[in-house]
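Read off the chains here:
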Amino acid sequence: MEQYDGEIGEDGMYMQQQDDWDRDMLLDPAWEKQQRKTFTAWCNSHLRKAGTQIENIEEDFRDGLKLMLLLEVISGERLAKPERGKMRVHKISNVNKALDYIASKGVRLVSIGAEEIVDGNAKMTLGMIWTIILRFAIQDISVEETSAKEGLLLWCQRKTAPYKNVNIQNFHISWKDGLGFCALIHRHRPELIDYGKLRKDDPMTNLNTAFDVAEKYLDIPKMLDAEDIVGTVRPDEKAIMTYVSSFYHAFSGAQKAETAANRICKVLAVNQENEQLMEDYEKLASDLLEWIRRTVPWLENRAPENTMQAMQQKLEDFRDYRRMHKPPKVQEKCQLEINFNTLQTKLRLSNRPAFMPSEGRMVSDINNAWGGLEHAEKGYEEWLLNEIRRLERLDHLAEKFRQKAAIHEAWTAGKEGMLQEKDFETASLSEIKALLKKHEAFESDLAAHQDRVEQIAAIAQELNELDYYDSPSVNARCQCICDQWDALGALTQKRSEALERTEKLLETIDQLYLEFAKRAAPFNNWMEGAMEDLQDTFIVHTIEEIQGLSTAHEQFKATLPEADKERQAILGIHNEITKIVQTYHVNMVGTNPYTTINPQEINGKWDKVRQLVPQRDQALMEEHARQQNNERLRKQFAGQANIIGPWIQTKMEEIGRISIEMHGTLEDQLTHLRQYEKSIVHYKPKIDQLEVDHQLIQEELIFDNKHTNYTMEHIRVGWEQLLTTIARTINEIENQVLTRDAKGISQDQMNEFRASFNHFDRKRTGMMDAEDFRTCLISMGYNMGEAEFSRIMSIVDPNRLGVVTFQAFIDFMSRETADTDTADQVMASFKVLAGDKNYILADELRRELPPDQAEYCIARMAPYYGPDAVPGALDYMSFSTALYGESDL
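As the structure is a computational prediction, the values presented were derived from the model and not from experiment.

So, how was this worked out
- Starting from 1, residues in each chain are numbered consecutively following that chain's sequence as written.
- Local features in this predicted model are restricted to residues of pLDDT 70 or higher, and side-chain atom pairs are both shown and tallied only at a pLDDT of 80 or more, whereas totals for entire chains, interfaces and linings draw on every residue.
- For side-chain calculations, the full set of non-hydrogen atoms in the structure is used, while hydrogens and water are omitted.
- Numbering of helices and strands runs from the N terminus; a helix is a DSSP stretch of H or I covering at least four residues, while a strand is a stretch of E covering at least two.
- Here's how the labels work: a residue is buried when its accessible area is under 20% of the maximum for its type, exposed when over 50%, partly exposed in between, all with a 1.4 Å probe on protein chains only.
- The contact criterion used is simple: two residues touch if any of their non-hydrogen atoms lie within 4.5 Å.
- Only buried residues count toward a nonpolar core, which is a set of Ala, Val, Leu, Ile, Met, Phe, Trp, Tyr and Cys residues joined through side-chain atoms within 4.5 Å.
- Here the aromatic set is Phe, Tyr and Trp, taking the six-membered ring for Trp, and pairing holds for ring centres within 6.5 Å; pairs whose planes are under 30 degrees apart are stacked, those over 60 apart are edge-to-face, and all others are tilted.
- By the criterion adopted, a ring carries a charge over it if an Arg CZ or a Lys NZ lies within 6 Å of its centre and within 35 degrees of its normal.
- When a carboxyl oxygen of Asp or Glu is within 4 Å of a side-chain nitrogen of Lys or Arg, the pair counts as a salt bridge.
- Here an axis means a line fitted to C-alpha atoms, over the contact stretch when the element is a helix, while the angle between two N-to-C directions is reported on a 0 to 180 degree scale.
- Put simply, angles under 35 degrees are roughly parallel, angles over 145 are roughly antiparallel, angles from 65 to 115 are roughly perpendicular, and the rest are oblique.
- Any residue that is not Ala, Val, Leu, Ile, Met, Phe, Trp, Tyr, Cys, Pro, Asp, Glu, Lys or Arg is counted as polar, Gly included; the first ten are nonpolar and the last four charged.
- When charges are counted, Lys and Arg contribute as positive and Asp and Glu as negative, whereas His and the chain ends are disregarded.
- Residues adjacent in sequence count toward polar contacts only when both atoms are side-chain atoms; beyond that, a polar contact is any pair of N or O atoms within 3.5 Å, and within protein one must be able to donate a hydrogen and the other to accept it.
- Helix span, as expected, comes to 1.5 Å for every residue beyond the first.
- Confidence scores here are pLDDT values: one per residue, from the predictor, ranging 0 to 100.
- With the far helix as reference, a near helix turned anticlockwise by less than a right angle produces a left-handed crossing, and one turned clockwise produces a right-handed crossing.

A. The overall build of the protein, seen in detail. Within the protein one finds 32 helices and 9 strands. Out of the 889 residues belonging to the protein, those deemed buried represent 44%. Restricting the contact set of the protein to residue pairs at least 6 apart, pairs at least 24 apart contribute 74%.

B. Here's a closer look at the nonpolar core. Of all hydrophobic cores here, the largest spans 78 residues; its most connected members are Ile132, Phe181 and Phe247. Looking at this core, the element that brings in the most residues is helix α7 (residues 122–138), giving 11 residues. Every residue in contact with Ile132, bar those within four places of it in the chain, is listed here: Trp42, Leu67, Leu71, Ile74, Ile102 and Ala137. Listed in part, the 47 residues of the second largest apolar core include Phe637, Ile655, Ile745 and Val804.

C. Spotlight on unusual backbone geometry. Even without a glycine there, the phi angle at Asp219 is positive, about 60°. Secondary-structure assignment places Asp219 in the loop between α10 (203–217) and α11 (226–230). By relative accessible area, Asp219 is classed as exposed at 55%.

D. Representation of the packing of aromatic side chains. Applying the stated rule across the entire model yields 27 aromatic pairs. A ring pair is formed by Trp155 and Tyr248, whose centres lie 5.0 Å apart and whose planes are at 85°; its orientation type is edge-to-face. Residue Trp155 is located in helix α8 (residues 148–160), and its partner Tyr248 is located in helix α12 (residues 237–300); the two are separated by 93 residues in the primary sequence. Like Trp155, the residue Tyr248 is buried in the burial classification. Geometrically, the ring pair formed by Phe523 and Trp526 is stacked, given 5.7 Å between the ring centres and 20° between the ring planes. Of the two residues, Phe523 and Trp526 are both situated in helix α18 (residues 511–535); the distance of 3 residues between them amounts to about one turn of the helix. Take Phe523: its relative accessible area is 5%, and that puts it in the buried class. Overall, the relative accessible area of 29% leaves Trp526 in the partly exposed class. Within the aromatic cluster, the residues linked to one another by ring pairs are Phe171, Trp175, Phe181, Phe211, Tyr243, Phe247 and Phe251. The ring of Phe136 carries the charged tip of Arg135 above its face, separated from the ring centre by 5.2 Å.

E. Here's a closer look at the environment of Arg108. Mapped onto the elements, Arg108 comes out in strand β3 (residues 107–109). Measuring from C-alpha to C-alpha, the distance between Arg108 and Thr131 comes to 9.6 Å, with 23 residues separating the pair along the chain.

F. Spotlight on the pattern of salt bridges. Applying the stated criterion across every chain yields a total of 58 salt bridges. Taking the shortest distance from any N to any O, the salt bridge between Glu290 and Arg294 comes out at 3.9 Å. Note that Glu290 and Arg294 are positioned in helix α12 at a spacing of 4 residues, about one turn of the helix. We classify Glu290 as partly exposed; its relative accessible area is 30%. We note a salt bridge from Arg323 to Glu316, for which the minimum N-O separation is 3.4 Å. Taking relative accessible area as the criterion, Glu316 reaches 27% and is therefore assigned partly exposed.

G. Highlighting the packing of helix α4 (residues 65–75) against α7. Two elements in contact, α4 and α7, have axes separated by 11 Å at closest approach and are oriented at 10°. The angle between α4 and α7 places the two elements in the roughly parallel class. In contact with Leu67, Leu71, Ile74 and Ser75 of α4, α7 contributes Met128, Ile132 and Phe136. Broken down by class, the residue content of the contact of α4 with α7 amounts to 6 nonpolar, 1 polar and no charged.

H. Fine view of the side chain of Lys415. With respect to the helices and strands, the residue Lys415 is situated in helix α15 (residues 415–419). With no salt bridge to any partner, buried Lys415 finds its closest opposite charge in Asp445, at an N-O distance of 5.7 Å. Engagement of the side chain of Lys415 in a polar contact is seen with the backbone oxygen of Trp411, the distance being 2.5 Å. Apart from residues no more than four positions distant in its own chain, Lys415 is found in contact with Phe442 and Leu488.

I. Here's a closer look at α8. The end-to-end C-alpha separation of α8 is 18 Å, in line with the 18 Å expected for 13 residues at 1.5 Å each. Taken residue by residue, α8 has Ala148, Gly151, Leu152, Leu153, Leu154, Trp155, Cys156, Lys159 and Thr160 as its buried positions.

J. Up close: the confidence of the model for the protein. Across the protein, the average pLDDT comes to 80, with 87% of residues at or above 70. Here residues 505–509 is a poorly scored stretch, pLDDT under 50, and it has 15 contacts once near neighbours within four places are set aside; other chains count. Scored below 50 in pLDDT, residues 885–889 shows 10 contacts in the model against residues more than four places distant or in partner chains.

K. Looking closely at the packing of helix α26 (residues 770–779) against helix α27 (residues 786–796). Between α26 and α27, the least distance of the axes is 12 Å, while the angle of their chain directions is 110°. Classified by the interaxial angle, the pair formed by α26 and α27 is roughly perpendicular. Handedness of the crossing formed by α26 with α27: right-handed. Residues Ala770, Phe773, Arg774 and Leu777 of α26 pack against Glu786, Phe789, Ile792, Met793 and Val796 of α27. Looking at the contact of α26 with α27 residue by residue, the classes come out as 7 nonpolar, no polar and 2 charged.

L. The environment of Val118, seen in detail. Note on placement: Val118 falls in helix α6 (residues 114–118). Sequence-wise, Val118 and Arg62 are 56 residues apart; in three dimensions their C-alpha atoms are separated by 4.3 Å. Val118 has contacts with Arg62, Arg88, Lys91, Ile92 and Val95, leaving out every residue within four places of it along the chain.

M. Looking closely at the environment of Arg393. Within the secondary structure, Arg393 is located in helix α14 (residues 363–412). Sequence separation of Arg393 and Ile539 is 146 residues, and the distance between their C-alpha atoms is 8.5 Å. Among all residues touching Arg393, those that are not within four sequence positions of it are Glu462 and Leu466.

N. A look at the side chain of Thr724. Looking at where Thr724 falls in the secondary structure, it is placed in helix α24 (residues 712–743). Those residues in contact with Thr724 that sit more than four places away from it in its chain are Cys334 and Glu337.

If you want it as structure tokens, here you go:
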């Protein structure tokens, strides 16, 4: 038996069938039987449209008439007029016309001639019919860039993939159990077969069920019997392919509807995703604004506290806010801006209007509210530190006031009674002289205390000016001291005048007592002043201040030898008095009449001064050590701050350069930026360590640092800006990638866009102002008036910020050059779903779409149903407007 090959080609492409009809296959009687039955049924499924059929495939095609009729039916074209004669030459002529027509369709027949068909050669006849089936039933099948046999096999695999016990790998043994045929029917018409009741071990029932249902409901003739398939080890591949291709063509209409439904589902899914992003933005913006609204009044509260402990607690609460409450909100604000930019990019890519948040929730509104928060935060921190300084100063002044007041009150105790005594009236002449001298000494002492009274009044005045909480009691005590001081002055003057009137009655006075009193009083005041100074509390903020106190103290200690000589001289006067009294047997009654100071008191106070000197030394040393530690903390903080501050500025400049330079692809820039982001995140421990150093400085109440110009606030703001800038820049590059991929922009185009943008970005800010953008458009050939330019600005700057970002620039340029086919896609989807009608019914959408997306689509379309339309129907214009919006199509 001779062999032949069939090749099918179109536009230079052809499909070669190999090993289809080898000798062993054709000699298999079971396969030949299957082919005869299948090919006969396939031919009759088309010939019956012309009102005829065949009974014997090799006999009924011998005269060529039914063969030509078959080709006309399946092609829809008219062939040449057939010969009606009965002679062999007429039959050969008709068969040649059929074979010539097949060859005109790009099929090259090898070893198949008209004589073999006319002679009834079964092999050649079956081969010819198989070639016709390949060309007109299988070749045009195309699934996911595969065609013909591979496309048909891929279609079967896709449709049967969800079904248990079905694994289509070929067109022979994969179909023996019948489940593949049943799965194809159930996938497209699930109401025709109860697939759950089928069993893999009952192929006869499965095959008969599939063939009967296909013939009865799908108009697919029964091309094989179940016994033909089950009874052979390997069913004929061509018979199975022919049968399966009938299923494909029967369901191709449903597949087109499914494609249209998938397109609509994709549009609806994008719409739903964008609406969810809008809802998320609104909620996140509302929550952030509400948090700012609650936080600002707390930061603006300037109610002062009366104690240092209360103000320290407020400072600690403020630190907790900085450490725990604010950082998450900084992240939320950054994420909010990223979400807003991503949403706007997705809306632009889907040709939808830009998203406009609710009133008061624009990104600019949030930035303004955030700026108000930071302004209130800065003012609150400055107020806290000033209040702490004020309370510290107040505590120091109040203690100093109490000490001086106590010393003064102790000195004035009994002075009024002494000045009001009438002892001079009964005193002798010597006693009168003594009283006069004593009064002179008192006046000297009183004058010495005048400075202390003035200091007490000055301290009280300063406490009032600094709004000391216990000012009433201070004022009352100060007033009492001043009133008492005035009374003492009046009494002193009155007693002085009385003594002077009686002075002429006095003849002598003990000069030594007077000299003792005159020298002992100032020395006593000096010692009291020294004790007061040595016990005086001090407050310093720098090491220079403590060094100044230490120098003054050393100078004081240098005067002690001279003071000791003065003490010994005073004691020498007392000793001389004692010697005179003993020598001349003077009758001394009581103590020195001119002074209450005695040698024991002088020695006691002197000893006290000598005891206080080392104590003062110790206090100054401790304070010096504390100030040295404070200086170390200043230098420690400054050393890190002077490194971190410039580092942050450098990173900001590097990120800015990356975002505007054209080194590599967008992916290269994105990779570079993410590496920068990692390096920045890895730098965070240094910021945290600086926060620890800053907290140590604040705990030590250090308010200035001459070693650096950076404050922790500067570092915090710079760090937050750095994080925000790198996140925003990465988001901008990602959006540029999305735009590039969605619009099909090449790398060369992107570089050209970037070069144009950078050229006109004269300020090198990464944004063009309106005039620069106008100049850029004119340089690119745009001839536009003010109205056209305003329209373009509304596209590239929907928020009316007065600037054009690179993302908006490439969106505009890609939109100007892009060739969108949105309207064509909508029309194709509408025609598939509507069929021969000019409208779509809601029930048709429910049948073709998933339930949730069908209801969403129907709800979107509800406002567009016309009053005169078919109930529940939607025409094309309403359909496209509901899906894409009036401004898009």
